[in-house]
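So the chains spell out like this:
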Amino acid sequence: MMFGRRAFLQFAAGAVGGTLLSPLPWKLADDSAIWSQNWSWRPSPERGPITKKATICTLCEGGCGIRARLVNGNRAVLLEGNPEHPINRGGICPLAASGLQFLYAPYRITQPIKQTQKRGEASGFKPIPWDEAMSELLDKLVNLRTGGTPHAVACITGQGQGSMRDLWQQFFDAYGSPNFFQMPSHSDSLKLAAFLTLGKEEPLAFALEKASYILSFGSDLIGGWGSPGRMLALWGDWNAAQSENKTPSAKIIQIESRCSMSAAKADRWIPIIPGSEAALALGIAHVMVKENLYDTSYVATNVFGFEDWTDSQGKARQGFKSFLLASENSLEEASRRTGLEPAKIVELAKDFATQPNAVAVWGKSRDLPEKVHHELAFLALNVLKGNLKSQGMISLAPSVPLGPMPQVLADEVAQQGLARKSLDQVKAQDIPLSRKSLYGFLKNLSEAPSYPIEVLMIHEANPAYSLPGNQVFQKAIQKVGWVVSFSSYMDETSLQADIILPNHTAFERYDDVIGVPGLPQAYYAVAAPILPPQWNTRHSGDVLLQMSKNMGGSVADALPWKSYDAFLQDRVKGLAASGRGAVAQTSARQLQETPEGASPKANYKDGADLWKKLASGQCWYDAPQNPLQLVQSPSGKIELAFQSLQSKELEAGKDEQCLPNFSSIALSGNEKEYPLTLVSYQALFLSHGYLPNPPFMTKTLWDFILRNDDSFVELHPETARSLGLDEGNRAVLKTPAGECIVRVHLFPGARLDVIYMPQGLGHKAYDQYIQSKGANPNELLEVQMDPVSGLGTAWAARAQLRRA
Ligand code: SF4
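Computed from a predicted structure; not experimentally measured.

What the chain contains, in helices and strands, is 26 helices and 33 strands. A globule of 804 residues ought to have a C-alpha radius of gyration of about 28 Å, and the chain, at 26 Å, matches this closely. Its C-alpha atoms give the chain principal-axis dimensions of about 70 × 65 × 60 Å. Taking all 804 residues of the chain together, 61% fall into the buried category. Intrachain contacts of the chain at a sequence separation of at least 6 include 73% that bridge at least 24 residues. In the structure as shown, the chain presents an accessible area of about 29,800 Å², 49% of it carried by carbon and sulfur atoms. Taken together, the 77 basic and 79 acidic charged side chains of the chain have centroids lying 3 Å from each other.

If you want it as structure tokens, here you go:
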């Protein structure tokens, strides 16, 4: 059955409630309804008046506006996109369309529970009252402070950039532990690229709404890059313009080894050797420089380190231009690294250089940092195009002037705890821009930690499942004295906990969204609950505030709010006091059309008024900024030779260390034993992070992705033939990290000798509708530490595949 570009977009953006041009989604919805009739927990609402409540979706960081349809005001029966919201403009992704299954799920933890047997025994959890659970946690935290070891407390929280992250950080600063970690994210390494190039460690933003030519280096533009809601709305625009033969419509060139959904829907797919995207970026840059196709006047005026330069000691240093023109970065070398004909690289370079509003975007996954030098190669290509300027294609996302957190006056115990190195940093290494690394923390903890972790708190994160190379978490947790989970669900990580203090789900609590990944405008929104809590759960923010209050002293002073809602209202009051920005109102495109520097006139009276507007599902926004006015690099210019990157290698005269460059990742394992490469990919139709794939989404999977309980890997027909495998065969997939059973799907869009496996299946926890469905590639992948940042990067592993 054909599932064309229009049908796909209609399905994804309009989801179940939208106008669908293909009968396929209806069939899937119908199948789902039949299938779900056997669920004891299926929603069977009583009849009654229907109302709608607008709010913001926080199932991912996309910042979309949604509306819940309620029966009798107390039963949610549908989530749909809010057509008045400027990010998603009425669209909704499959995850949010299925989102009510998280609210009414049978695998929810409905009250505090405590492990009474050994960790990992699901049947060992027994209910305990909230007061008892809270005082057990409080006793442990107080005792560790009394014993002078507050640094023995650690926390892993999810990727969210909302105020909950700031509240955790405030708590750890006041309590006295440096061991606060977030799940890894692409923005970790992207911000470092911004720091080295512009001198500001802030998120990069891309003005894709005005792009006419997009060179996408492996970014799954319709599969979850940046804000999926924004990208789906944009694809809808481009598609409509193209089919109606109107301009502007962006031409999209998708560069990646696999024919992903984005590649199939792009104007052109350029298949390359997996992992060589940054080499192609440098190859294109080489051609632009060699043939004088770059923006010469922009580079001459605004860029440092393009030409060779002299450092403060008078030493001659190599610039980006001579590095690019050196033999190790020749066109032939780029061709060898990427598997592309030189003529094709030249053609891409000429197209990119000559098209107006052309931009290069990159990032294979929202969840994984990339090598910093590779981030810099993609950014350098945009610098050569002159994209970082007033009204340009790339800027820094403006900050949101929320009310500040109170100053932490750390007491003596806290000062001593904070003086300890965090557990990821205790080993002496030459990591020039070392950043908090969850991998580093877990690795050190699992090996020989220099001090023990007595209490580990885990909030909205499921590292036991979703961290590539997740075996490191399993090993590390054995070394932890006591594990507290704040999860709403019995996920793989909660199973390992000693006690679970369940959070409300996303639709039962207040939360906020600070900025949208990749969006040039400042953005802030408040997610208000659509219903009161359905069970005996508590907002983790309220638990943290209560805990701080009971501790008293400087900890209580640092977190003075009565409730999490009050904390958010305080932040919004500060935002209103700044007088900046406005609330987006009726026009769905108002936000995107705001020009740089033209801050909209405030349309709220005060903090209370702004809160009221935000809590009703509207969002605050402000104008984009001119990156050239923000530069704070050592040279005062955009740098292509990074003076902030000091390392031993650099001191030894290896100038390429402070230039954008490419190095292929040397995967471990014997090439003879593991002749293939396993590449894992993320897709919009499979949830792969903290939240599992809800049963509705699983039901909509093609039977060449999941059949019964086996997940499929994609293999080129020729590769399959050479291995004696055919469509649907069961096979053993093995990497140096582990092995699993899969089925084979023959896919001509796969590269020879590469195995592609989706993220999001293979759960071992939750319930019968989620667990044991397929295999989890995170158990097979290899993680390598980036030498610049110490962040864990992962995209592949050497592999073998044989008939089961
Ligand atoms: S893209 Fe993210 S924020 Fe938007 S509707 Fe989907 S899950 Fe929610």
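A word on the packing of helix H22 (residues 564–578) against helix H23 (residues 607–615). Interhelical geometry of H22 versus H23 gives an angle of 115 degrees and a closest axis separation of 8 Å. Crossing angle aside, the handedness with which H22 passes H23 is right-handed. The segment H22 lies against H23, with Asp565, Leu568, Gln569, Val572, Lys573, Leu575 and Ala576 engaging Gly607, Leu610, Trp611 and Leu614. Of the residues belonging to the contact of H22 with H23, the class tally is seven nonpolar, two polar and two charged.

In this section: the packing of aromatic side chains. Overall, the coordinates contain 21 aromatic pairs when judged by the stated rule. With 5.6 Å between their ring centres and 75 degrees between their planes, Trp168 and Phe486 make a pair best called edge-to-face. You can see Trp168 sitting in helix H6 (residues 163–175) and its partner Phe486 sitting in the loop between strand S18 (482–485) and strand S19 (499–500), a full 318 residues away along the chain. Given the relative accessible area of 0%, Trp168 is considered buried. Take Phe486: its relative accessible area is 2%, and that puts it in the buried class. Every member of this aromatic cluster is reached through a ring pair, and the members are Trp168, Phe171, Phe172, Tyr175, Phe180 and Phe486. Here the guanidinium or amino end of Arg75 rests over the ring plane of Tyr104, the centre of that ring lying 3.8 Å away. When the ring centre of Phe352 is taken as origin, the NZ or CZ atom of Lys385, which lies over that ring, is 5.9 Å away.

This next bit is on the site of the ligand. Around the ligand, the neighbouring residues are Cys57, Leu59, Cys60, Gly62, Gly63, Cys64, Cys93, Ala96, Pro228 and Gly229. Residues that form the shell around the ligand fall into these classes: seven nonpolar, three polar and no charged.

Let's shift gears to the nonpolar core. Ranked by internal contacts, the top residues of the largest apolar core, which has 88 residues, are Leu215 and Phe217. The element contributing the most residues to this core is helix H10 (residues 277–290), with 10 residues. If we ignore the near neighbours within four places in the chain, the residues touching Leu215 are Ile253, Ile255, Ile284, Leu348, Phe352, Val359, Ala360, Val361 and Leu381. Counting 61 residues, the second largest nonpolar core, distinct from the first, contains Val472, Leu495, Ile500 and Leu531.

Okay, the sheet that holds strand S23 (residues 619–622) next. The strand order S20-S21-S23-S22 describes an open sheet built from four strands, whose pairing is antiparallel. In this open sheet, the two strands that pair with only one neighbour each are strand S20 (511–514) and strand S22 (582–583). Here H23 sits on the sheet in contact with strand S21 (522–527), S22 and S23, set at roughly 75 degrees to S21.

With that settled, consider the packing of helix H13 (residues 331–338) against helix H14 (residues 342–354). Close contact between H13 and H14 brings their axes to 9 Å; oriented N to C, the two are set at 105 degrees. Taken together, the axes of H13 and H14 lie roughly perpendicular to each other. Note on element contacts: H14 touches H13 through Pro342, Ile345 and Val346, opposite Leu331, Ala334, Ser335 and Thr338. A per-class count over the contact of H13 with H14 returns five nonpolar, two polar and no charged.

What follows deals with the sheet that holds strand S11 (residues 268–270). The strand order across the open sheet built from four strands is S11-S10-S9-S15, with neighbouring strands paired in parallel fashion. Edge strands, defined here as strands with exactly one partner in the open sheet, are S11 and strand S15 (358–362). Adjacent strand axes in the sheet meet at a mean angle of 20 degrees, parallel and antiparallel pairs treated alike. The pairing of strand S9 (residues 213–217) with strand S10 (residues 251–255) spans five bridges and is parallel. Note on S10: the bridge partner recorded for Ser216 is Gln254.

So, about the environment of Glu202. When you line up the elements, Glu202 lands in the loop between helix H7 (186–198) and strand S8 (204–206). On the basis of relative accessible area, Glu202 is assigned to the partly exposed category, the value being 23%. When neighbours within four sequence positions are excluded, Glu202 is seen to be in contact with Lys191, Ala194, Leu396 and Ala397.

So, about unusual backbone geometry. The phi torsion at Gln391 lies on the positive side, around 60 degrees, for a residue other than glycine. At Glu460, a residue that is not glycine, the phi angle is positive and equals roughly 50 degrees. Its location among the elements puts Glu460 in the loop between strand S17 (455–459) and helix H18 (463–466). Relative accessible area serves as the criterion here: at 19%, Glu460 is assigned to the buried category.

Take the environment of Ser322 next. Structurally, Ser322 is set in helix H12 (residues 320–325). Separated by 15 residues in sequence, Ser322 and Glu307 place their C-alpha atoms 7.1 Å apart.

For helix H15 (residues 372–384), spanning 13 residues, the distance from its first C-alpha to its last is 18 Å, which sits close to the expected 18 Å at 1.5 Å a residue. Counting buried residues along H15, 13 of its 13 residues qualify, which places the element largely inside the surrounding structure. Just downstream of H15, Gly386 is the residue with a positive phi angle, here 75 degrees.

Analysis parameters
- Note that residues are indexed from 1 along each chain, following the sequence as it is written.
- Where local features are concerned, this predicted model is filtered to residues with pLDDT of at least 70; where side-chain atom pairs are given and counted, the filter is 80 or more; whole-chain, interface and lining totals use all residues.
- Side-chain measures were taken over the full set of non-hydrogen atoms in the model, leaving aside hydrogen atoms and water.
- By the criteria applied, helices consist of DSSP H or I runs no shorter than four residues and strands consist of E runs no shorter than two, each listed in order from the N terminus.
- The atom set for the radius of gyration is the C-alpha atoms, and the globule formula is 2.2 Å times the number of residues raised to the power 0.38.
- Burial classes follow relative accessibility: with a 1.4 Å probe on protein chains only, a residue under 20% of its type's maximum area counts as buried, one over 50% as exposed, and anything between as partly exposed.
- Note on definitions: a residue-residue contact is assigned when non-hydrogen atoms from the two residues lie within 4.5 Å.
- Exposure was quantified through the Shrake-Rupley algorithm and a 1.4 Å probe, taking into account, for residues, occlusion by the shown protein chains and nothing else.
- In this tally, Asp and Glu contribute negative charge and Lys and Arg positive charge; neither His nor the terminal groups of the chain are included.
- By convention, charge coordinates are those of NZ in Lys, CZ in Arg, CG in Asp, or CD in Glu.
- Axis definition: a line fit to C-alpha positions, over the contact stretch in the case of helices; interaxial angles, taken between N-to-C directions, run 0 to 180 degrees.
- Each crossing gets its hand from how the near helix is turned against the far one by less than a right angle, where anticlockwise is left-handed and clockwise is right-handed.
- Throughout, the ten residues Ala, Val, Leu, Ile, Met, Phe, Trp, Tyr, Cys and Pro are labelled nonpolar, Asp, Glu, Lys and Arg are labelled charged, and all others, Gly among them, are labelled polar.
- We call Phe, Tyr and Trp rings a pair once their centres come within 6.5 Å, taking the six-membered ring for Trp, and we label the pair stacked below 30 degrees between planes, edge-to-face above 60, and tilted otherwise.
- Criterion for a charge above a ring: Arg CZ or Lys NZ at most 6 Å from the ring centre, at most 35 degrees from the ring normal.
- Summary of the distance rule: residues count as near a molecule or strand when at least one heavy atom falls within 4 Å of that molecule or strand.
- Side-chain atoms within 4.5 Å link the members of a nonpolar core, which is a set of buried Ala, Val, Leu, Ile, Met, Phe, Trp, Tyr and Cys residues.
- Strands qualify as paired when DSSP identifies two bridges or more between them.
- We call two directions roughly parallel when the angle between them is under 35 degrees, roughly antiparallel when it is over 145, roughly perpendicular when it lies between 65 and 115, and oblique otherwise.
- Multiplying 1.5 Å by the helix residue count minus one yields the expected span of that helix.

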